[in-house]
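Listed below, chain by chain, are the residues.
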Amino acid sequence: AVVSTQSGHYGRGKDEGTTVSPKKHTMQPIVTGTSVLGIRTKEGVVIAADTLGSYGSLARFRDIQRLMKVNDSTIIGGFGDYADFQFLMKLLRQQTIDDEVVGDGVYRDAPAIHNWLRCVLYNRRTKFNPLWNTIVVAGKNYGGEPYLGYVDKIGVAFEEKTVATGFGSYIALPMMRKAMDENPDMGVEEAKAVLKRCLRVLFYRDCRSLNRFQIGVVSAGETSISEPMSADTDWSIGANPSGYE
Amino acid sequence: SDLSSGINAEWPLRPGVENSGSVIAVRGSDGVVFGVEKIITSQLYEQGNNRRVQSVDDHIGGAVAGMLSDARAIVARAREEATDYRDVYQVPIPLKMLCERLGHYVHLYTVYGGLRPFGVSILLGSWDELNGAKLMEIDPSGSARGYYGCAVGKGKQNAKTEIEKLDMTKLTCRELIKEVAKIIYSVHDEVKDKHFELELSWIGKDTGGKHQIVPKDLYDEAVKYAEEALNDSDDEDNVM
């Protein structure tokens, strides 16, 4: 039998029998969420994700929340396996409660949450048992400055003005970067418009997307996630494709 | 005292709970209000420190009377129970379930000779849309009882008398904050314990079911009401 460092006992008691378990090399995500997009402006951070939980190619759960308000300074968005994201949401919810009962009005800020996620995700990847997610952390630090971070299932973590996961990193990120380069002083409302444009293109091009999404904002004044909304689409060019006949 | 005689929870009541500053809690029509007479033994203490009202999870408030270090241990345990319940059932722990678990835990310390009972009484309250306001007390023997109005500590007898005069079920939290402040001020013994700090907290419809310290403006209003009531009663004594 192959002895591994993972838990699993064939004996009854903890020290009985051999400590053996099937070696986990491959995992697969089951119910998944697609792109999460984020833009950090001087006014605040805007984050967006659609409300779809795909079951492979089936658009199975069309009203799930992929954005979570952790506390007044942080909203996170989850890409990848939804069950793993729910697990992380549960742990984060408890952290917020733990901050609340101290009673001093101080809660973990976005960089702290980002770093905690990085620790957890990297640790799991090192044990060959990853949480199959890419998380976007949108928020502000204790000083009130906007913060936007990215962490993925292999523990890669960084901070950037614009982030996107999955398909979004191929299609939306170039659009977002161009918008930021042309208008570096854009505000929250302009950023929301950019994201809506990106989400429309993603709906055209990403087969695992849904035209129903939420936009979250963390700024000095508000930290909230919108009600689900849709983008106007124009499929008329689809009537006359050329070169695919 | 004889700790080997099993349930002997009288001992911790004497030095612990009964000599502690008064703690009262009242269950109104839309929530629960806690008031604590925090006796200040030294002017060197930082104001607002050593809080006697604590939150367990975010939807349950607790006020403690007795040995503060024992109180910390009980509140820590209550928080663990709440966390565990939430982990398993994905809903916040109902007050009744928390008090069952906590009562069980406190009782445990009364049946073994090697352990001493907790010298603490804890008043716990919650409010939600579905079940309304709930208030319970756990005493050092581990028994958990539900109340409409409850008082523990030094001025318990007088406080209970005052509480009984209130028609609690008809009063809202906003009104009760003032009444609770008034009762604490009236049972406070100016001669024996010179300085005290009034701690007020509430949980109810106005707080969206979250346990919070009463905001400054309402707190100041309540203290003013309490001080005026005290002056009025002093005047009455003089008239006689």
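Structure: above.
Analysis parameters
- Residues numbered from 1 in each chain as written.
- Chains lettered and ligands numbered in written order.
- Predicted model: local features only at pLDDT ≥ 70, side-chain atom pairs only at ≥ 80, totals over all residues.
- Heavy atoms only, no water.
- Helix = DSSP H or I, 4+ residues; strand = E, 2+ residues; numbered from the N terminus.
- Buried < 20%, exposed > 50% of the residue type's maximum accessible area, 1.4 Å probe, protein only.
- Polar contact = N/O pair within 3.5 Å; in protein donor to acceptor, adjacent residues only side chain to side chain.
- 1 Å grid on protein atoms, 1.4 Å probe; cavity = no way out; pocket = protein on both sides within 12 Å on 5 of 7 lines; lining within 4 Å.
- Points joined across faces, edges and corners; volume = space filled by probe spheres on them.
- Nonpolar A, V, L, I, M, F, W, Y, C, P; charged D, E, K, R; others polar.
- Expected span 1.5 Å × (residues − 1).
- Arc of directions from axis to C-beta.
- Phe/Tyr/Trp six-rings, centres within 6.5 Å; stacked < 30°, edge-to-face > 60°.
- Lys NZ or Arg CZ within 6 Å of the ring centre and 35° of its normal.
- Contact = heavy atoms within 4.5 Å.
- Salt bridge = Lys/Arg side-chain N within 4 Å of Asp/Glu carboxyl O.

Draft legend 1. Seen up close, the side chain of Arg66 of chain A. All names here are of chain A. In this structure, Arg66 sits in the loop between β5 (58-61) and β6 (67-71). A residue is classified by how much of its surface remains accessible, and Arg66, at 0% relative accessible area, is buried. Looking at Arg66, its side chain comes within polar contact range of the main-chain oxygen of Thr34, at 2.5 Å. A distance of 2.9 Å separates the side chain of Arg66 from the backbone oxygen of Gly78, its partner in a polar contact.

Draft legend 2. Representation of empty space enclosed by the protein. All names here are of chain A. Using the criterion set out here, one finds three cavities of 30 Å³ or more in the structure. A volume near 90 Å³ is recorded for the largest cavity. Asp50, Leu199, Leu202, Ser209 and Leu210 are the residues nearest the centre of the largest cavity, which is lined by 14 residues in total. Here the lining of the largest cavity gets four residues from one element, more than from any other, and that element is helix α4 (residues 188-205). Class assignment for the residues of the lining of the largest cavity results in six nonpolar, four polar and four charged.

Draft legend 3. Quick peek at helix α3 (residues 95-108) of chain B. Residues and elements named next belong to chain B. The first and last C-alpha atoms of α3 sit 20 Å apart over 14 residues, in line with the 20 Å expected at 1.5 Å per residue. Residues Leu95, Leu98, Cys99, Leu102, Gly103, Tyr105 and Val106 constitute the buried set of α3. In an axial view of α3, the angular spread of the buried residues amounts to 160°, which keeps them on one side of the axis. Exposed residues on α3 whose side chains face more than 90 degrees from its buried face are Lys96 and His104.

Draft legend 4. Representation of the environment of Ala159 of chain B. Residue and element names in this part refer to chain B. Mapped onto the secondary structure, Ala159 falls in helix α4 (residues 156-165). On the accessibility criterion, Ala159 (0% relative accessible area) is buried. When the C-alpha atoms of Ala159 and Val187 are compared, they prove to be 6.3 Å apart, with 28 residues separating the residues in sequence.

Draft legend 5. Here's a closer look at the layout of surface pockets. All names here are of chain B. Of the voids in this model, the largest pocket is the one considered here, and its volume is about 470 Å³. For the lining of the largest pocket, the secondary structure elements donating two or more residues are β2 (31-40) and β9 (195-204). Per element, the largest residue contribution to the lining of the largest pocket is three residues, and it comes from β2. Of the residues assigned to the lining of the largest pocket, the class counts are four nonpolar, twelve polar and five charged. By volume, the second largest pocket amounts to about 310 Å³.

Draft legend 6. Focus on the packing of aromatic side chains. Overall, the coordinates contain nine aromatic pairs over all chains when judged by the stated rule. When the ring of Tyr204 of chain A is compared with that of Trp235 of chain A, the centres are 5.0 Å apart and the planes differ by 90°; the resulting orientation is edge-to-face. Here Trp235 of chain A lies in the segment after β13 (223-225) and Tyr204 of chain A lies in helix α4, a separation of 31 residues in the sequence. Exposure remark for Tyr204 of chain A: the relative accessible area of 30% places this residue in the partly exposed category. The exposure class of Trp235 of chain A is partly exposed, given its relative accessible area of 48%. With a centroid separation of 5.8 Å and an interplanar angle of 40°, the aromatic rings of Tyr105 of chain B and Phe118 of chain B are classed as tilted. Placement of Tyr105 of chain B in helix α3 and of Phe118 of chain B in the loop between α3 and β5 (120-128) is noted, with a sequence separation of 13 residues between them. Here the aromatic cluster, defined as three or more aromatic residues joined through ring pairs, consists of Phe203, Tyr204 and Trp235 of chain A. Between the NZ or CZ atom of Arg60 of chain A and the centre of the ring of Tyr55 of chain A, over which it lies, the distance is 4.8 Å. Above the ring of Tyr225 of chain B, the side-chain terminus of Lys178 of chain B is found at 5.8 Å from the ring centroid.

Draft legend 7. Looking closely at the interface of chain B and chain A. Counting residues at the interface gives twelve residues for chain B and seven residues for chain A. At the surface where chain B touches chain A, the tally comes to two salt bridges. The salt bridge involving Arg93 of chain A is made with Asp58 of chain B; its shortest N-O contact spans 3.0 Å. The tally of links between chain B and chain A comes to five residue pairs in polar contact (both at pLDDT 80 or more). Elements with a contribution of two residues or more to the side of chain B that touches chain A: β3 (53-56) and α2 (68-89) of chain B. Broken down by element, the residue count for the side of chain B that touches chain A peaks at four residues, all from α2 of chain B. Residue composition of the side of chain B that touches chain A, by class: one nonpolar, four polar and seven charged.

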